[in-house]
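Single-letter residue listing:
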Amino acid sequence: MIDLRNSFATMRPGETLARSQALRRTWPFVLDLVVAVIGLAFFYGIVRIGHYWFGHPVPAIEISLSPRALPLYAFYSVVRISLAYFLSLAFAIGYGYLAAYNKRLEALMLAALDILQSIPVLSFLPGVMLAMVALFPTRQIGVELGAILLIFTGAVWNMAFSFYSSLRSIPKELREATEIYSFSRVQRLLQLELPYAAIGLIWNSIMSVAGAWFFLMACEMFVLGPRDFRLPGLGSYLQTAASVGNGHAILWALTTMVMIIVLTDQLIWRPVIAWSDRFKFEQVEGKARVRSPLLHLVQNSRMMKHLGGGVAARLEERHYHAVALRRETRLSGAGIVRTSTSHPASFILRISLGLLLLIGVLTLAGHALTLLRHVRPDQLLNILKGAAATFLRVNVALLLASAWTIPVGVAIGFQPRLARIAQPLAQIAASVPATALFPVLLLALIRYGGGMGIGSIALMLLGTQWYILFNVIAGAMAIPNDLKEVATLFHFTRWQRWRTVILPGIFPFLITGLVTASGGAWNASIIAEYFPLKNQILQTTGLGNQISVATAAGEFQILLLATIVMALMVVTINRLVWRPLFRLAETRYRL
Amino acid sequence: MQPSIIRAQRVEKYYAQPSENRIQVISPTDLSIPAGEIIALLGPSGSGKSTLMRMLTGLSKPSAGEVFWHEKPIASANVNVSIVFQSFALFPWLTVLENVEAPLQARGMNAAERRKRSLHILDTVGLDGFELAYPKELSGGMRQRVGFARALVVEPEVLFMDEPFSALDVLTAENLRSELLELWQKKTIPTQAIFLVTHNIEEAVLLADRIIVLGRNPGHVRTDFKVSIAHPRDRKAAAFTQLVDYIYKVLTQPDAQPPALPQSSTGKRVRDQRLMHYQMLPHARPGGIAGLLELLLDHNGKDDIYKLADDLAFEVDDLLPIVDAAQLLGFLTVTEGDASITPTGAEFANSEILRQKELFRNAAVEHVLLLRQIVRAIEAKSDRTVSEEFFHDMLDEQFSEEETLRQLETAINWGRYAELFDFDASRRRFFQSEEIPPELENSAEIDA
């Protein structure tokens, strides 16, 4: 497992283990509206496509519960995650690069980033699944792509933001050095930008992949009323096993899950983190560093060197040569100064393209709004009731999570010996995606007479408490010893100690944890409030429930409205509650 | 006259403001870099030394005027210059050798040739044996050697240096300076001219064949003269100390006459900061002012600023703001590079803390318009608080955004010390009150 203390120590200040927040708003409110309209148009498009498909029956796939089938299922799941991850990585780098270097698009792209990373992705799960199945007649491919698309949407934004902010924080003099020696774009990317951004990208990748497991499990076990969108994979295996109450199968699947995660950590993340050590932007050599025998092996194997090094180096050389040649011919070209007079024709083309795009977006958004007219007042009331219920549920989950994680986290953070035992355990527990445990949990609840009301809160708790716990531990470790000694020296009472030293000390970390946890809890509500198990549908009042029920019944206006309400609530809470708290943490409680 | 390698013709830099005015950073300046000279550009902070240098290298485009490279516009010329940076600006993820090779890579040189030249230059700057080390494994001085090697490996015609020694300790800096001078004098390196930006007066006198002194608000050339002292130069020699003293005088002398105001083509009015409403507050702390005055009193109330700086082991950039601040508050006067304490200044230096605050308060209200205005604004309000934004907007008319924030920071610092007002950092408001207002106590409760 990753040693947390090292992990936190290697991060640049300002980088958090969780969702990054765009702290200073530089864009006007209008841009938020623009993003909202584009989002609305986009989502309406998805729903429309889904419409065509609606009504076709889906043949359910058979999930085998034999342990022998597990390796194949696990393989499917891993492939889905990998595809989605590499897609996100490529997109994140492109998006971040464009946002950092295109002055005109920057504000709009940042506003979009900020909104997109705060909307609960799973609220699109029903709509996206319908749409993808409609687009691709072979149902398997449609559902596969839907799952990958959803994972991608959940994983990409924090990576994009990390890359963007790394690019923007590159020291000015390094930039000038690349400029004065006329580095080409490729050379600048390879020798300055990617190395500088690497550590942030890696930490965000780890976060994203952990989140991806959560979404993947939800996608793989997705069933909507009579419609079955399940995909062969670990998620569906678990769900089926829970449905028939096969304890052995559940145990097998969970073991496989933990094994995959431990292996990913040991075979991928650890070597990558150890390797990324060279990208630390520090003046002096740090002490604690992550080691990986595997990395050592790879780096010292001659075959790898020949394979990777030789080919890449040759390509690089060729590129530098070509660029230098081009520059020479340009400069020696009789001193022709390139004038940048734009063609009037291309200008008109660009304007008309832009207009066309604008009209398209506005039409779609308009259609979406007309669709909303069909919502009856009682349905609206239901949605609002659901929103209130989910809001309460999310907050109860956050409170419960804080209630146990703050004291435990502080205790762990203050005692290195305890930390050494507790941390690896907590990390393994945290690495199992909450969605994978959900069917098992529900099964137990049903047996002991609990209902979905408790179940949904339990799922939210399972999915979100770890963010808070790990951040509190990091916060407690970050409190300087001097402060603790002052508290001891002056015989602070327990209450005074908490009020003046501990709580303010962990505050920035706690807020980071809570923001992430809150996002996670909203996300979880989609499957937490509606879950088919053992031939019955377990459900409880809530916004997530509204979304799922509406999709099952084909009431697209409700699906649309409920999704909008959820996105709106989350964005509003972010703006009104979390952002000011974040700012306070950044200014007053920074150690 | 020698033909110049780089020639700047009426270059200036300004930032357009949304309002009528614009903020002039550098007024129209002519400057040329001929072959065979080491030129030092001296000036206090805020005089735009770095900005001017970056325009000369072609890194930054002048707002008006033009820079020529061998009499061709610099934007379309194949410029061959290097910069040695204050922060070294090495890529920490590349080895020493890779760092030095990177500029050659950009020029498309083949690997064997690249390696040969890099190893040769590393040998020249004394880094033999460090090729495979990473910068973070090296000491500051060694790192700057890598910076020099990277700059020299492209055999630049003009070597620019942006305060290259100021991040190093005194001994290391001295060592590097003399080595650089040796490379230059023995023509080990094919560099035609060196352009050094510095705020260290002795460094300039030690190295340069020609010194250009910049004044500020907006940046302009105060004086430009040749240094004819023979090398090796002795810091203790009379000619040396006289020159250092002369430059101090130039730097501390209030400008006799402002340079001609630039006429802008857009018809926008350009304001000269010296003629404007708010005086520029020097960024000095009250404690520093008190310390300087006490030292001056020990020196019988009058001393050479150069000697003071020497006593304190300060550089101009550190000392001048304190001298300026004390002068602004009427605690001392400066004539011909000598600072002499005034009666109020002497009383201030001799008093205990509460009396010091009182004297500071009186001086601040009398001499500093911004503080006077803040106090009046607070007193005019029934709730005795004023938003910072109000003053921010007024200062913004006159200073750049960055400078406005620094001005406010200094004003808050002085005002708090003088107990003229207090400042609530979370709500960004000035306030005045005997005790902490109740709502403040509440907010502290909630925050905790």
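Criteria and cut-off values
- Residues numbered from 1 in each chain as written.
- Chains lettered and ligands numbered in written order.
- Predicted model: local features only at pLDDT ≥ 70, side-chain atom pairs only at ≥ 80, totals over all residues.
- Heavy atoms only, no water.
- Helix = DSSP H or I, 4+ residues; strand = E, 2+ residues; numbered from the N terminus.
- Buried < 20%, exposed > 50% of the residue type's maximum accessible area, 1.4 Å probe, protein only.
- Areas by Shrake-Rupley, 256 points an atom, 1.4 Å probe, with all protein chains shown as cover.
- Pairing = 2+ DSSP bridges.
- Contact = heavy atoms within 4.5 Å.
- Axes fitted to C-alpha atoms, helices over the stretch in contact; angles between N-to-C directions.
- Buried area = accessible area lost by both parts, 1.4 Å probe.
- Salt bridge = Lys/Arg side-chain N within 4 Å of Asp/Glu carboxyl O.
- Polar contact = N/O pair within 3.5 Å; in protein donor to acceptor, adjacent residues only side chain to side chain.
- pLDDT = per-residue confidence, 0-100.
- Expected span 1.5 Å × (residues − 1).
- Phe/Tyr/Trp six-rings, centres within 6.5 Å; stacked < 30°, edge-to-face > 60°.
- Lys NZ or Arg CZ within 6 Å of the ring centre and 35° of its normal.
- Parallel < 35°, antiparallel > 145°, perpendicular 65-115°, else oblique.
- Left-handed = near helix turned anticlockwise from the far one by under 90°.
- Nonpolar A, V, L, I, M, F, W, Y, C, P; charged D, E, K, R; others polar.

A. Molecular detail of the overall build of chain A. Within chain A one finds 21 helices and four strands. In chain A, which comprises 591 residues, the proportion classed as buried is 52%. Working note: accessible area of chain A is about 28400 Å², and carbon and sulfur atoms make up 69% of it.

B. Region of interest: the sheet that holds strand β2 (residues 22–34) of chain B. All names here are of chain B. Read across the sheet, four strands follow the order β2-β1-β4-β5 without closing on themselves; strand pairing throughout is antiparallel. The open sheet has two edge strands, β2 and β5 (72–73), and neither has a second partner. Bridge analysis of strand β4 (residues 64–69) against β5 gives two bridges, and the strand direction is antiparallel. Counterpart to W69 in the pairing with β5 is K72. Strand contacts of helix α1 (residues 49–57): β1 (4–16), β2 and β4, with the helix running at about 125° to β1, the strand carrying the most contacts.

C. Focus on the interface of chain A and chain B. The interface of chain A with chain B comprises 38 residues on the first partner and 40 residues on the second. When residues of chain A are sorted by the area they lose upon contact with chain B, A:E173, A:I180 and A:Y181 head the list and together hold 22% of the total. For the pair chain A and chain B, the number of links is two salt bridges. On inspection of chain A and its partner chain B, the count reaches five residue pairs in polar contact (both at pLDDT 80 or more).

D. Structural view of the pattern of salt bridges. Enumeration over the complete set of coordinates arrives at 29 salt bridges over all chains. In this structure, the salt-bridge partner of B:R115 is B:E101, at a minimum N-O distance of 2.9 Å. Taken as a pair, B:R115 in helix α3 (residues 111–124) and B:E101 in helix α2 (residues 96–106) lie far apart in primary sequence, 14 residues in all. We classify B:R115 as partly exposed; its relative accessible area is 43%. A salt bridge links B:E347 to B:R355; the shortest N-O distance between them is 2.6 Å. Each of A:K172, A:E173, A:E176, B:R54 and B:D162 takes part in salt bridges that share partners, so that together they form one network.

E. Representation of the pairing of β4(B) in the model. Residues and elements named next belong to chain B. Alignment of β1 against β4, held across five bridges, turns out to be antiparallel. For R7, the partnering residue across the bridge sits in β4 and is F68. Counting the residues between successive antiparallel strands, the hairpin from β4 to β5 contains two residues, one of them, H70, with a positive phi of roughly 50°.

F. Representation of the confidence of the model for chain B within the structure. Residue and element names in this part refer to chain B. On average, residues of chain B score 84 in pLDDT, and 90% of them reach the 70 mark or higher. The low-confidence segment residues 256–275 (pLDDT under 50) makes 33 contacts with residues lying over four places distant or belonging to another chain. pLDDT under 50 marks residues 436–448. Its contacts with residues more than four places away, or in other chains, come to 13 contacts.

G. The arrangement of helix α15 (residues 401–417) of chain B in detail. Residue and element names in this part refer to chain B. The first and last C-alpha atoms of α15 sit 24 Å apart over 17 residues, in line with the 24 Å expected at 1.5 Å per residue. Along α15, the residues classified as buried are E403, T404, Q407, L408, T410, A411, I412, W414, G415 and Y417. Looking one or two places after α15, you find E419, whose phi comes out positive at around 55°.

H. Structural view of the packing of aromatic side chains. As enumerated under the stated definition, the model contains 28 aromatic pairs over all chains in all. For the ring pair A:F91 and A:F152, a centre distance of 5.3 Å and an interplane angle of 80° mean the geometry is edge-to-face. Of this pair, A:F91 sits in helix α3 (residues 70–101) while A:F152 is found in helix α6 (residues 139–168), placing the two residues 61 residues apart along the sequence. Ring centres 4.8 Å apart and planes at 55° place the aromatic pair A:Y97 and A:Y101 in the tilted group. Of this pair, A:Y97 and A:Y101 both sit in helix α3, separated by four residues, roughly a single helical turn. Assessed through its relative accessible area of 19%, A:Y97 is described here as buried. Members of the aromatic cluster, each reached through a chain of ring pairs, are A:F183, A:Y196, A:W275, A:F279, B:F91 and B:W93. The residue whose ring lies beneath B:K187 is B:W184, and the NZ or CZ to ring-centre distance is 5.3 Å. For the cation-ring pair, B:K357 lies above B:Y417, with the distance from its terminal atom to the ring centre recorded as 5.3 Å.

I. Fine view of the packing of α2(B) against helix α4 (residues 140–152) of chain B. Residues and elements named next belong to chain B. Interaxial distance between α2 and α4 falls to 8 Å at its minimum, and their mutual angle equals 30°. The pairing of α2 with α4 is recorded here as roughly parallel in orientation. Here the hand of the crossing between α2 and α4 comes out right-handed. Packed against α2, whose contacting residues are V96, N99, V100 and P103, the element α4 presents V146, A149 and R150 at the interface.

J. Representation of the sheet that holds strand β14 (residues 385–387) of chain B. Residue and element names in this part refer to chain B. As summarised here, the arrangement of the three strands in space is β14-β16-β15, forming an open sheet in which the pairing is antiparallel. In this open sheet, the two edge strands, each paired with only one partner strand, are β14 and β15 (422–424). For this sheet, the mean angle separating the axes of adjacent strands, direction not counted, is 30°. The sheet contact formed by β14 and strand β16 (residues 429–431) spans three bridges and is antiparallel. The residue of β16 that forms the bridge with S387 is R429.

K. Molecular detail of the packing of helix α11 (residues 343–350) of chain B against helix α12 (residues 353–367) of chain B. Residue and element names in this part refer to chain B. Two numbers describe how α11 lies on α12: the axes approach to 8 Å, and their chain directions differ by 150°. In this view, α11 runs roughly antiparallel relative to α12, as classed from their interaxial angle. Seen from above, α11 lies across α12 with left-handed handedness. Contacts between α11 and α12 involve T344, E347, F348 and A349 on the former and, on the latter, R355, Q356, L359 and F360. Its residues assigned to classes, the contact of α11 with α12 comprises four nonpolar, two polar and two charged.

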